[in-house]
Amino acid sequence: MSLSATVSADLQPVLASALLALVPHHIFRTHESYSTLAHFILLSVPPGFVFSHTLWTRTESSLSAPITLFLCYGTYLSVLVMSVVLYRLSPVHPLASYPGPSWCRISKLWMATIVFRGRQTRWLTALHDKYGDIVRVGPNELSVRDASLIVPCMGPSGIPKGPNYIGSLLSATNIPMVGIQDVDEHMRRRRPWARGLSTSASKAYQPLIAKRARQLVNRLEGQSREVNLEQWFDRLSYDIMNDMAFGGGSNQLQDGDTDDFRRMLNDGMAVGSFFGHVPYVGVWIGLIPAAVAPLNTLIKYGEACAALRVSQGSKTHDLFHFLNHEDQLNGASPPQRDLVNDGILAVIAGSDTVASALTSLFFCLLTNPRTYDTLQKEVDRYYPPGEDAYTSEFHREMPYLHAVMALPPGSLVYFSPWVIQHDSRNFSFPTEFWPERWLIASGHLALDGKIPIPLPAFESSALGNRDNFTFTHNETAFLSFAHGPMNCVGKGFAMQEMKTVVCALVQRFRFRLEEGWDPTGYEPRFLTDHLVAARPVLPVVLTAR
Ligand code: HEM
């Protein structure tokens, strides 16, 4: 046998593996799949086939079987990786014309690392400042700062959800409603949530909110020194979430965080936020429980809360009453798996968000005494000292209370609410806590010489004097509760909860920041987020009124 015949026989499996590698690239590009079985088949079967075929038919090869095996798999996987990278960098990629760092074009691993370190918001802000309103932050992903694209992307005919939650929860099949990408299925699963968090259902939860708000006031009355409001809001929102979703089960306001839930949430979400950006990796890592222990602990905790509630049955008309279709005549229960997944969602979505918003709100009030005084006057008018502040009766008549709730900085992520809400093309004085903006926009206040505007910001701005000032207010750009048919289904309940707590606290106490505490570090530390925010402490001194 000639040397050239031997070489060409040796090259055949290499060439065949290289050509076959283009097939899975095409399949991954056109059919996004997070099934580990599909990945396994596509990554292992074709080179395995070439290897077996070579062994079976070879007569002239000079290579041993292990070397042939290595060459088949090595060539297949390297050509696959190379073709993916080249395609992502190439001008034929559909997102090729959008600017962004080149390493973001190749893989989302970079972004995942930044998110894991809690630096996403700062990073996105810097990218938009450098590259403009639309930045390519991943091979197939854009970050958008242009508010005019919110409705087309997130409105009724917008784009379906991305695969983030698949990665965050390490599974393509067991995911709660918030992560379901199929629009019809998402809407089907959302219906019981919408019933359970409707205005009438939320009204029925008011006694639960009132009981916990009263408990908080009583606990704060018993504190003799400075208190960390952040920690109290954490415990309060957790207890209210348990009462509302599961009919009870916790008493952190009394006993503290005995389950160490806060640490579980922070650790779990740090891991979850990383894999949210690389879901292909997440579904595989999810198969190794030890590798993702913090996230699994959190998931298991949510599962246990939900499973306990399901096994105990309905004692009150809590959220689970609706999720389990008990409010429907002849309504069959959904699969247990869906219920448990929705339990995890309630635990994560329903408590930490409210605690963040309340903490931010008090930070803003305490660093803006004029705003605090205006709110105090409104609360005293509707709930004077001694009156029952735990009803939601007057909330609708309190525009200032509503306005202070509207723009607390920081919240859950995507379409970066932070970046969009801090854009002066959407809101005048976007970095200022200026609740009056909502009253001017809703017609409750006229923009005349009497309106307090954030003077330092105004004077140092290039807007000129008050007469030339153009008021900018783009409500679509208010994204704290997201936008469109997949927005926050708990918004009404969250607002009701927060308003009750604010009225009760402001009526009973006068708060001030602890002497010597430096508020300038608060916001940068708040920006360290992993889907949920890592809230800094908020030390305050309170006196009974
Ligand atoms: C201030 C408090 C809150 C804020 C800022 C907030 C914010 C958000 C945001 C931004 C989303 C969209 C997330 C995404 O699409 O990835 C969301 C979804 C959701 N929120 Fe809230 N939320 C709050 C309170 C609550 C409460 C109290 C509940 C009650 C359990 C709740 C339940 C949900 C649910 C179930 C979803 C998923 C909706 C869907 O996918 O259709 N949220 N929330």
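These notes cover the structure that comes with them. (Residues numbered from 1 in each chain as written. Predicted model: local features only at pLDDT ≥ 70, side-chain atom pairs only at ≥ 80, totals over all residues. Heavy atoms only, no water.)

**Quick word on helix α20 (residues 369–382)**
And then number 1: Relative to the 20 Å expected for 14 residues at 1.5 Å per residue, α20 spans 20 Å between its end C-alpha atoms, a close match to the ideal helical length.
And then number 2: Residues of α20 that are buried: Thr 371, Tyr 372, Leu 375, Gln 376, Glu 378, Val 379 and Tyr 382. An end-on view of α20 places all buried positions within 165° of arc, on one side of the element. Turned more than 90 degrees from where α20 packs its buried face, Pro 369, Lys 377 and Arg 381 sit exposed.
And then number 3: Along its buried surface, α20 packs onto α19 (352–366), α21 (399–406), α25 (491–508) and β4 (509–513). (Helix = DSSP H or I, 4+ residues; strand = E, 2+ residues; numbered from the N terminus. Expected span 1.5 Å × (residues − 1). Buried < 20%, exposed > 50% of the residue type's maximum accessible area, 1.4 Å probe, protein only. Arc of directions from axis to C-beta. Contact = heavy atoms within 4.5 Å.)

**Concerning the site of the ligand**
And then number 1: The environment of the ligand is made up of 26 residues, and the closest members are Lys 161, Tyr 165, His 186, Arg 190 and Cys 488.
And then number 2: His 186 has a polar side-chain atom sitting 2.7 Å from an oxygen atom of the ligand.
And then number 3: Among the secondary structure elements, those contributing two or more residues to the shell around the ligand are α10 (183–196), α18 (336–350), α19 and α25.
And then number 4: For the shell around the ligand, the residue count by class is 18 nonpolar, 6 polar and 2 charged. (Near = heavy atom within 4 Å. Polar contact = N/O pair within 3.5 Å; in protein donor to acceptor, adjacent residues only side chain to side chain. Nonpolar A, V, L, I, M, F, W, Y, C, P; charged D, E, K, R; others polar.)

**Describing the packing of helix α12 (residues 229–246) against α18**
And then number 1: Direction vectors running N to C along α12 and α18 enclose 150°, while the axes themselves pass 9 Å from each other. Classed by the angle they form, the pair α12 and α18 counts as roughly antiparallel. As α12 runs across α18, the sense of the crossing is right-handed. Here Ser 237, Met 241, Ala 245 and Phe 246 of α12 come into contact with α18, specifically with Gly 343, Ala 346, Val 347 and Gly 350.
And then number 2: Split by residue class, the contact of α12 with α18 holds 5 nonpolar, 3 polar and no charged. (Axes fitted to C-alpha atoms, helices over the stretch in contact; angles between N-to-C directions. Parallel < 35°, antiparallel > 145°, perpendicular 65-115°, else oblique. Left-handed = near helix turned anticlockwise from the far one by under 90°.)

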